[in-house]
Each structure stands twice: as structure tokens, then as C-alpha cells.
Amino acid sequence: MLLIPLTQVCVFCFWYRWVTKHCDPVTATAWHMVLGGAILAAAALAADSGSGELASRLQQFDGNDALAMAYVSLLGGAASYGIFFYEATHGSLTALSSLTFLTPMFAAGTGFLVLGETLTPVQLLGAAITLAAVFMINAPASHQSADVSKE
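Residues numbered from 1 in each chain as written. Predicted model: local features only at pLDDT ≥ 70, side-chain atom pairs only at ≥ 80, totals over all residues. Heavy atoms only, no water.

Trainee: What exactly am I supposed to notice about the overall build of the protein here?
Mentor: Along the protein, the regular secondary structure elements total eight helices and zero strands. Listed N to C, the secondary structure of the protein is α-α-α-α-α-α-α-α in terms of helices and strands. Counting all 151 residues of the protein, 16% fall into the buried class. The contacts in the protein between residues at least 6 apart in sequence include a share of 70% that link residues at least 24 apart. Total accessible area computed for the protein in this model is approximately 11,300 Å², and 72% of it derives from carbon and sulfur atoms. (Helix = DSSP H or I, 4+ residues; strand = E, 2+ residues; numbered from the N terminus. Buried < 20%, exposed > 50% of the residue type's maximum accessible area, 1.4 Å probe, protein only. Contact = heavy atoms within 4.5 Å. Areas by Shrake-Rupley, 256 points an atom, 1.4 Å probe, with all protein chains shown as cover.)

Structural data, given as C-alpha cells:
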């Protein structure tokens, strides 16, 4: 199920520079969110396949759930995607997309700090390798400045 929205994000990253030449970045991001939500809603309806489980879950939806959804949608979704795609038009897509590898690390770190989850040595090693890789991708290359000064 996660593969569908991830594919959409990848496609949109490549089309974003072209799209923002023809419309506002906020509008483009909003349409991206609407299309992604429509795809996920269709997938949820297809997965429900008439069992009624989706309808029963929606009946339990209350005001606190609506506030939580608004928070996640506006800050976790629209604001972060807006910043991501704005930066995609002005910077290196390689460096920017490498930061997405930190998402599972933030989830694991939050689980550790807030929920008291434990991390195995293998998970910690994986986190260290990920941090090192993201740092190497985003660190300024000191050898490039030396090559430019020789010319």
C-alpha cells in the first residue's frame, strides 16, 4: 500500500520543476496532496470490498480524531511537502531526497524517547550507517574548492 504514494512522490519530484513554471508551488503541492489522498481513498474502498469495516471505523471518528488529522495533514503533510518541493526547485534533488532516509530514524527515535521502545544493536548500526551516508551526500566537498583554485 505504501508503494503507491511513494511512487507518486518520486514522479512528482521529477515533474515539479516543470509544473511550478506553470502554477504556484503551493497550488502544485495542494494538487499533489489531493491526488495522493484520492489514490489512498480508492485503495481503502477497494480493500474494504463491501465488508462495512471502513464505515464502522468512520462512525467512531470524533472531534479529537478530526483535530489529530488536521494537525497531521497541515503540518506533517502540507507544510513539510511544501517546503520539500520548494527546495526541490531551488537546490540539488539528490541532496534533498537523501534526507528522506532520515524519516525512519525520526520514527525510531520518537518511539525510543516517547514510547520507551528499545533499539537493537543492528538497528543502531543501521542508523549510524544512514547518518554517515546522508552526511557524506550533503557535506560540502572540500576537494572541489581545491580543484577550482588550480584552474
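Trainee: I keep staring at a nonpolar patch on the surface and nothing clicks. Help me out?
Mentor: A surface patch of nonpolar side chains, about 650 Å² in accessible area, is lined by Phe112, Leu113, Val114, Leu115, Leu119 and Leu124. If you trace the backbone, Phe112 turns up in helix H6 (residues 103–115). (Patch = residues over 30% accessible without salt bridge, like charges linked within 9 Å, V, L, I, M, F, W, Y side chains within 5 Å. Salt bridge = Lys/Arg side-chain N within 4 Å of Asp/Glu carboxyl O.)

Trainee: I'm lost on the pattern of salt bridges in this one. Help?
Mentor: Where charged atoms of side chains with opposite charge meet at close range, the side chains can pair. What the rule picks out here adds up to one salt bridge. The partner of Glu53 in a salt bridge is Arg57, with the nearest N and O atoms 2.7 Å apart. With Glu53 and Arg57 both in helix H3 (residues 53–59) and four residues apart, this pair spans about one turn of that helix.

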